[in-house]
Amino acid sequence: MGTATIDEYLNLSIADCKRMGFLAPQAMRSGVVTWRVNDKKRASIGFATDTRGVPVAKFSYTCDGQPVDYTVYLRWKRSNLSPDTEHGYYYFVCPITGKLCRKLYLYDGRFVSRGAFNPLYKQQTKSHSYRNNPL
């Protein structure tokens, strides 16, 4: 997988989760997330969220013949555009970096943020002058 571009990795975004009904407030939801290419099933996983108490997303799938079950924390942040209301957004907490992100990618058997595995992304976050003259 070393030569794949980031667009080739399976990914799951907060927007996808919201659209599929997984982010209802104070609720537990579960189901299957399926990825399709040209109407052909590419992959699917068991997925659940629990927004009661400490919000979490739970992934359940098989990778290289081994069952994988793990939990990724969700964090709610109020919108800075309307601080007087309860408007806000969920974010994933990357299990590798601990940073907030809106999208996780399946890499090396786990769903992680792109900053956890993509050296090109890390380089892109540097200033133009740093990229051109790193010393």
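Here the structure is a predicted model, which means the values were calculated and not measured. (Residues numbered from 1 in each chain as written. Predicted model: local features only at pLDDT ≥ 70, side-chain atom pairs only at ≥ 80, totals over all residues. Heavy atoms only, no water.)

## Some thoughts on the overall build of the chain
Okay, so step 1: Summing up its helical and strand segments, the chain has three helices and nine strands in all.
Okay, so step 2: Walking the chain from its N terminus toward its C terminus, one meets helices and strands in the order β-α-β-β-β-β-β-β-β-β-α-α.
Okay, so step 3: Going through the 135 residues of the chain one by one, you find that 35% of them count as buried.
Okay, so step 4: In the chain, the proportion of contacts linking residues at least 24 apart, taken out of those at least 6 apart, comes to 31%. (Helix = DSSP H or I, 4+ residues; strand = E, 2+ residues; numbered from the N terminus. Buried < 20%, exposed > 50% of the residue type's maximum accessible area, 1.4 Å probe, protein only. Contact = heavy atoms within 4.5 Å.)

## Section: the state of the cysteines
Okay, so step 1: Overall, the coordinates contain zero disulfides when judged by the stated rule.
Okay, so step 2: With no disulfide of its own, Cys 101 lies 5.7 Å from the sulfur of Cys 94, the closest cysteine sulfur. (Disulfide = S-S within 2.5 Å.)

## Here we look at the pairing of strand S2 (residues 28-37)
Okay, so step 1: Two elements, S2 and strand S3 (residues 40-50), share ten bridges in a ladder whose sense is antiparallel. When the bridges of S3 are listed, Val 33 appears paired with Ile 45.
Okay, so step 2: In textbook terms, the turn of a hairpin is the stretch between consecutive antiparallel strands, and for S2 and S3 this stretch comprises two residues, one of which, Asn 38, has a positive phi near 55°. (Pairing = 2+ DSSP bridges.)

## Quick word on the pairing of strand S5 (residues 66-78)
Okay, so step 1: Across eight bridges, strand S4 (residues 56-63) lies against S5 in antiparallel orientation. Its bridge partner lying in S5, Phe 59 is registered against Tyr 70.
Okay, so step 2: Hairpin connection of S4 to S5: two residues between the antiparallel strands, including Asp 64 at a positive phi of 55°.
Okay, so step 3: When S5 meets strand S6 (residues 88-93), the two strands line up antiparallel, connected through five bridges.

## What to know about the packing of aromatic side chains
Okay, so step 1: Per the counting criterion, the structure on display carries eight aromatic pairs.
Okay, so step 2: Ring plane angle 20° and centroid distance 6.1 Å describe the contact between Trp 35 and Phe 111, whose orientation is recorded as stacked. With Trp 35 in strand S2 and Phe 111 in strand S9 (residues 110-112), this pair connects stretches of sequence that are 76 residues apart. Considered together, Trp 35 and Phe 111 belong to a single accessibility category, that of buried residues.
Okay, so step 3: Measuring from centroid to centroid gives 5.2 Å for Phe 47 and Phe 59, while their planes differ by 70°, and the two rings are edge-to-face. (Phe/Tyr/Trp six-rings, centres within 6.5 Å; stacked < 30°, edge-to-face > 60°.)

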